[in-house]
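Below are the chains, spelled out letter by letter.
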2 protein chains.
Amino acid sequence: MDVAKKVLLIVLDGAADRPTVRGKTPLVIADTPFLDRLAAEGILGIMDVIAPGTPPGSDTAHLSLLGYPPEDVYTGRGPFEAAGVGIDVRQGDIAFRGNFATVKNNTVIDRRAGRISNTHQLAESIREHVHLDCDFVFQESVGHRAALVLRGEGLSPMVTPTDPQRSAAIMTSKPSANSAAARKTAKIVNEFTRQVHSVLKDHPVNKDRVRKGTLPANTVLLRGAGAVPHLVSFEERTGLKAAVIGATALVIGIGKLVGMQYYPTKGATGHVDSNIEGKVDNVNEAMKQHEFVLLNIKGADEAGHDGDFRTKSQFLSRVDSALSKLHVDESLLVTVAADHSTPVSLREHSGDPVPFLMWGKGVRTDDTEVFNEFSAAQGGMHRVRGLDMTPILTDLLGKRKKYGA
Amino acid sequence: MDVAKKVLLIVLDGAADRPTVRGKTPLVIADTPFLDRLAAEGILGIMDVIAPGTPPGSDTAHLSLLGYPPEDVYTGRGPFEAAGVGIDVRQGDIAFRGNFATVKNNTVIDRRAGRISNTHQLAESIREHVHLDCDFVFQESVGHRAALVLRGEGLSPMVTPTDPQRSAAIMTSKPSANSAAARKTAKIVNEFTRQVHSVLKDHPVNKDRVRKGTLPANTVLLRGAGAVPHLVSFEERTGLKAAVIGATALVIGIGKLVGMQYYPTKGATGHVDSNIEGKVDNVNEAMKQHEFVLLNIKGADEAGHDGDFRTKSQFLSRVDSALSKLHVDESLLVTVAADHSTPVSLREHSGDPVPFLMWGKGVRTDDTEVFNEFSAAQGGMHRVRGLDMTPILTDLLGKRKKYGA
């Protein structure tokens, strides 16, 4: 078989956009000679990562791109975040994303507790002094972030968050399904909130913060409840030994949950200041050991959420320059895609299709010469769905099973 | 209604490919002035015969092209092969493809029994002397080929093959579902294997073959177990009286099972040496009596499986020359498609989309001027699925029922 042997899937998180400045997008304005070369030598297309007009979350988008139907495996973001921060989650666990935050008279003053940077001692106290009506794992992460996992019989992800997502009263978790499990879980979540506040409100770390004029981290807000799904490993499904390189707990967690090896990158922040060059070095390393590498680069999404056209465009130029150091050879099939559009005009994810390109042996080329939303719409791949991506890539490697005879 | 009256669907079996020789495919290199004229005057597109990235079998592909969802009607290739070799199969029958083969000490020495050409006497003996725990029909076909149909209550297609598909021990059929029917069927299959060997091992035909230094046909290997589905006839579904012209038992069988009239062609072999000219004459004849003709031309698939770029390309040139003798007039809608790609670089079916063209009255033309994988990706039909083909064609004939009012 004369086929490519390995796949590199590069996800430019939130990179796609709508025409904004003189009808152009950040990707059109960005200087991307490397991506343009791949486009010229490969094939382009557009993709509905979930479905036309449906804005994907980064979680459901990555699951789709890896071939896991979100409607089968996704109940909330918590499980992937929890796996990403290093909790060894198990099927059936109920997991939440958490924020250390500041409350006063039950009202959230700051969802990030004055951008607190080290919550280790606070988390230790929570682990030591909080006692719930089920087992739990609480793990602090970067900055104000954390994750909570509830483990036990008769639990459910069908509960509302305690995080009001803005300056407002901290919310009481309520069952969102009429089941004993949902009622029990909401009760446990509210008990968690009560005990955490009691543990943190006079904690020495917070007393010290108040003395120094910073906000105390006196609560943990929870959101993104989800049940940890059963996920057949990516290698079992595709025959490809896989690795993940990313900065955010979400992407790392999804990779870990489908059995990918995680390659940490120093200085990878998930922001526009991220060490993309380090990630690219890591990809070159990972490709020696693995047949499939998922590389997520996050900054463009952040700039989209900030509504910052210029930063988004400049970041994409920097990404292209870093990607040009990839060891791209005959054995490699390269795919570049966005997981969703984050238009600067919207400051949120949109359901616009995203551009993608495929480059490498066996790929039918087309006449497109640059990589952006407009050229992709002229591409020879036309329009596919996110769930089509893994079958197409593995088929190009000659690894798909024939349906019929 | 000013519409075309008839449809000719030409399936160039396995004709589609990947860029191989200087980025070109066999179809690009082939000299195809007739197909190029149809392309220039008609419209092109690409088609996922099953789904993006899924390599179709010829069986599931043809079912899709004719509008029968494989997931509803397909359990294995046996029923179509059995119908194709002339067995009058009935709904619920369990059918297998068979090979006369040579075994020694239970190991398959030659899956084609020294390319045996006449198995009639051997088959007669099997029909006479084998007795199973259900009714059965055994029918020899061209060369080493045969088909077996089991008929009776409580049978299942969920059994493993006895054909190891290579030089290895002949396999014991096992139930592949936990059901009494599967267990019973596997038992019958193994009993068939035992009795066939007992009937054939000292058969006069085989004694004669051994004397002459050729391999004895002392077993029949079975594979492709499937249950004969209920198929609403093509004419009932579409209103079109239909005929099939092909060389392989599979395509003929599918045609017969959906009620098409089969027009045999002398010298049609399914190989690159096939009498394509005779098939084209047959099409011209069949179009006088029928409103839908399915013409399958197989050789390109064979060349793809052989990894032979030059032969594949030359064969397609010869196909074009033969097709130029078609009586193509205003009453006729012509569609040309591949049922799947068989890239010479892969030597197997792939899940790449296939090119197709439509020509005739009512077809919206596009700017494409030649028929190949690359121009098709620029075509005005964009990207459709195999199951879309029959609705599109019958709609162009004004025969589709309105959905709604």
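Residues numbered from 1 in each chain as written. Chains lettered and ligands numbered in written order. Predicted model: local features only at pLDDT ≥ 70, side-chain atom pairs only at ≥ 80, totals over all residues. Heavy atoms only, no water.

Asker: I'm lost on the overall build of chain A in this one. Help?
Answerer: Helix and strand content of chain A: 15 helices and 13 strands. Taking all 405 residues of chain A together, the buried fraction comes to 58%. Residue pairs in contact within chain A that sit at least 24 positions apart in sequence constitute 74% of those at least 6 positions apart. If you sum the accessible surface of chain A, you get close to 16,400 Å²; carbon and sulfur atoms cover 48% of it. Within chain A, one finds 48 positive and 47 negative side-chain charges whose respective centroids are separated by 5 Å. (Helix = DSSP H or I, 4+ residues; strand = E, 2+ residues; numbered from the N terminus. Buried < 20%, exposed > 50% of the residue type's maximum accessible area, 1.4 Å probe, protein only. Contact = heavy atoms within 4.5 Å. Areas by Shrake-Rupley, 256 points an atom, 1.4 Å probe, with all protein chains shown as cover. Lys, Arg positive; Asp, Glu negative; His and termini not counted. Charge placed at Lys NZ, Arg CZ, Asp CG, Glu CD.)

Asker: It is not clear to me how the sheet that holds strand 2 (residues 43-48) of chain B should be interpreted in this structure. Could you clarify?
Answerer: Hydrogen bonds between backbone groups are what pair the strands of a sheet, and the pairing can be parallel or antiparallel. Residue and element names in this part refer to chain B. Within the open sheet, the eight strands sit side by side as 9-8-10-1-11-12-2-13. Their pairing is mixed. Of all the strands in the sheet, just strand 9 (261-262) and strand 13 (383-385) have a single pairing partner and so form its edges. Of the pairings in the sheet, the one linking strand 8 (residues 242-245) to strand 9 comprises two bridges and is parallel in character. Bridged to valine 244 within strand 9 is tyrosine 262. Taken strand by strand, helix 15 (residues 389-396) contacts strand 1 (6-12), strand 2, strand 11 (332-337), strand 12 (354-359) and strand 13, and its axis lies near 10 degrees from that of strand 12. (Pairing = 2+ DSSP bridges. Axes fitted to C-alpha atoms, helices over the stretch in contact; angles between N-to-C directions.)

Asker: For this particular structure, what's the right way to read the interface of chain B and chain A?
Answerer: The figure often quoted for interface size is the accessible area lost as the parts come together. Facing 36 residues of chain B, the contacting portion of chain A comprises 26 residues. Surface buried jointly by chain B and chain A totals about 2,300 Å² across both partners, of which 50% is contributed by carbon and sulfur atoms. Broken down residue by residue, the surface that chain B buries against chain A is led by Arg18, Pro55 and Arg383 of chain B, which jointly contribute 22%. Along the contact surface separating chain B from chain A lie two salt bridges. The salt bridge partner of aspartate 395 of chain A is arginine 18 of chain B, with a shortest N-O separation of 3.4 Å. Counting every contact that joins chain B to chain A gives 21 residue pairs in polar contact (both at pLDDT 80 or more). Counting only elements with at least two residues in the side of chain B that touches chain A, the list comes to helix 3 (58-65), helix 4 (70-73), helix 14 (373-376) and strand 13 of chain B. No other element matches helix 3 of chain B, which puts three residues into the side of chain B that touches chain A. Class assignment for the residues of the side of chain B that touches chain A results in 13 nonpolar, 13 polar and ten charged. (Buried area = accessible area lost by both parts, 1.4 Å probe. Salt bridge = Lys/Arg side-chain N within 4 Å of Asp/Glu carboxyl O. Polar contact = N/O pair within 3.5 Å; in protein donor to acceptor, adjacent residues only side chain to side chain. Nonpolar A, V, L, I, M, F, W, Y, C, P; charged D, E, K, R; others polar.)

Asker: Please explain the pattern of salt bridges as it appears in this structure.
Answerer: When the charged atoms of two side chains with opposite charge come close together, those side chains can pair. Residues and elements named next belong to chain A. If you walk through the whole model with that rule in mind, you get 42 salt bridges over all chains. Where aspartate 208 meets arginine 211, a salt bridge forms, and the shortest distance between an N and an O atom there is 3.2 Å. One end of the pair is aspartate 208 and the other is arginine 211, both in helix 8 (residues 204-211) and three residues apart, which spans about a single turn. With a relative accessible area of 64%, arginine 211 lands in the exposed category.

Asker: When you look at helix 15 of chain B in this model, what are you seeing that I'm missing?
Answerer: Because an α-helix packs 3.6 residues into every turn, residues spaced three or four apart end up facing the same way. Residues and elements named next belong to chain B. All of the buried residues in helix 15 are Met389, Thr390, Leu393, Thr394 and Leu396. All buried residues of helix 15 project into a common sector of 155 degrees when viewed along the axis, lining one side. Looking one or two places after helix 15, you find glycine 398, whose phi comes out positive at around 70 degrees. (Arc of directions from axis to C-beta.)

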